[in-house]
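A structural walkthrough
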Amino acid sequence: NAEEQSVAEGDVTLEEDGTLRAEVTIRLGPWRGAQMRSILAGVEPAQRPRFYQQLAMRIFAGADEVTGTVRHERDPDQPLELVLHCRAPRYVNLRFGAADMDQLVPTLGLKKMYPGASRSFPLYIDTPLVESARFRVHLPSEVSVLRSASDVSLNGAFGAYSLTVRQPSPAELDIQRSFRIPVQVIAPERFPQFSTFAARIDDAERQRITLQKN
């Protein structure tokens with residue numbers, strides 16, 4: 001359901017020493033927004049900075065200097081929005097000339113959520129997983145892309161997934177990922193096919209982008 005789609009947008013700057021600075025805006029669909037409002041209701045104001053820190057670290061390992069805001073927290077008629085600002089010191093190690101960087105866009109991790117290759121009982125996916133994300137990465141002038149990630153497009157009985165990586169200019173990367181996994185019941189005899197579908201998504205998300213310091 002398109003109405004349940006959550007949207008994430010990130011503006012990321014990579015500095016000369018590999019430090020990353022980012023602003024990320026996440027607009028949640030109604031289902032996930034209701035879940036997040038319930039979580040936020042249990043977070044004391046004094047604990048909000050720690051909550052934002054944990055959220056940022058799920059996207060950028062080693063994130064610090066995290067600040068965050070929540071929009072429309074008490075207005076359920078509006079989509080809930082989370083805005084994070086953070087940095088991650090030396091996120092990419094460019095000291096030796098070339099280094100791999102993760103895709104930055106938060107992963108779906110479907111295989112981790114539903115592990116195994118077989119089941120004795122049906123699998124019930126009771127939460128719609130519908131999300132699109134776009135991260136724009138700004139590179140310093142002396143850093144170039146040596147190897148990018150391959151585009152992936154999957155569309156079948158269990159849902160859809162896509163990944164595209166573009167380079168609009170030598171100093172910019174545009175990483176887009178979207179997925180739609182609807183609520184569904186998967187019979188045990190169909191779980192191996194679902195497991196293969198999940199593994200293909202994991203393979204796509206494990207691709208890294210190689211940067212080179214000129």
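Below, the structure is looked at part by part. Worth saying up front: this structure is predicted, and the values here are computed from it rather than measured.

A few points about the pattern of salt bridges
Under the counting rule described, the total for this entry stands at twelve salt bridges. Where Arg 87 meets Asp 64, a salt bridge forms, and the shortest distance between an N and an O atom there is 2.9 Å. In this pair, Arg 87 sits in strand E4 (residues 81-88) while Asp 64 sits in strand E3 (residues 64-71), placing the two residues 23 residues apart along the sequence. A salt bridge links Arg 134 to Asp 174; the shortest N-O distance between them is 2.5 Å. Taken together, the residues Arg 134 in strand E7 (residues 129-138) and Asp 174 in strand E11 (residues 172-181) connect sequence positions 40 residues apart. You can call Arg 134 partly exposed: its relative accessible area is 31%. Among the residues examined, Asp 174 registers a relative accessible area of 7% and is labelled buried.

Section: the layout of surface pockets
Any empty space left between the atoms is revealed when a probe the size of a water molecule rolls over them. Taken as a whole, the largest pocket encloses approximately 760 Å³ of empty space. Breaking the lining of the largest pocket down by element, the ones donating at least two residues are strand E1 (6-14), helix H1 (30-41), helix H2 (48-59) and E7. For the lining of the largest pocket, a count of residues per class yields 17 nonpolar, five polar and three charged. There is about 460 Å³ of room inside the second largest pocket. If you go around the second largest pocket, you meet 21 residues; those closest to its centre are Asp 102, Gln 103, Val 105, Thr 107 and Glu 205. No other element matches helix H4 (residues 191-206), which puts three residues into the lining of the second largest pocket.

Each value, and the rule that gives it
- Residues numbered from 1 in each chain as written.
- Predicted model: local features only at pLDDT ≥ 70, side-chain atom pairs only at ≥ 80, totals over all residues.
- Heavy atoms only, no water.
- Salt bridge = Lys/Arg side-chain N within 4 Å of Asp/Glu carboxyl O.
- Helix = DSSP H or I, 4+ residues; strand = E, 2+ residues; numbered from the N terminus.
- Buried < 20%, exposed > 50% of the residue type's maximum accessible area, 1.4 Å probe, protein only.
- 1 Å grid on protein atoms, 1.4 Å probe; cavity = no way out; pocket = protein on both sides within 12 Å on 5 of 7 lines; lining within 4 Å.
- Points joined across faces, edges and corners; volume = space filled by probe spheres on them.
- Nonpolar A, V, L, I, M, F, W, Y, C, P; charged D, E, K, R; others polar.

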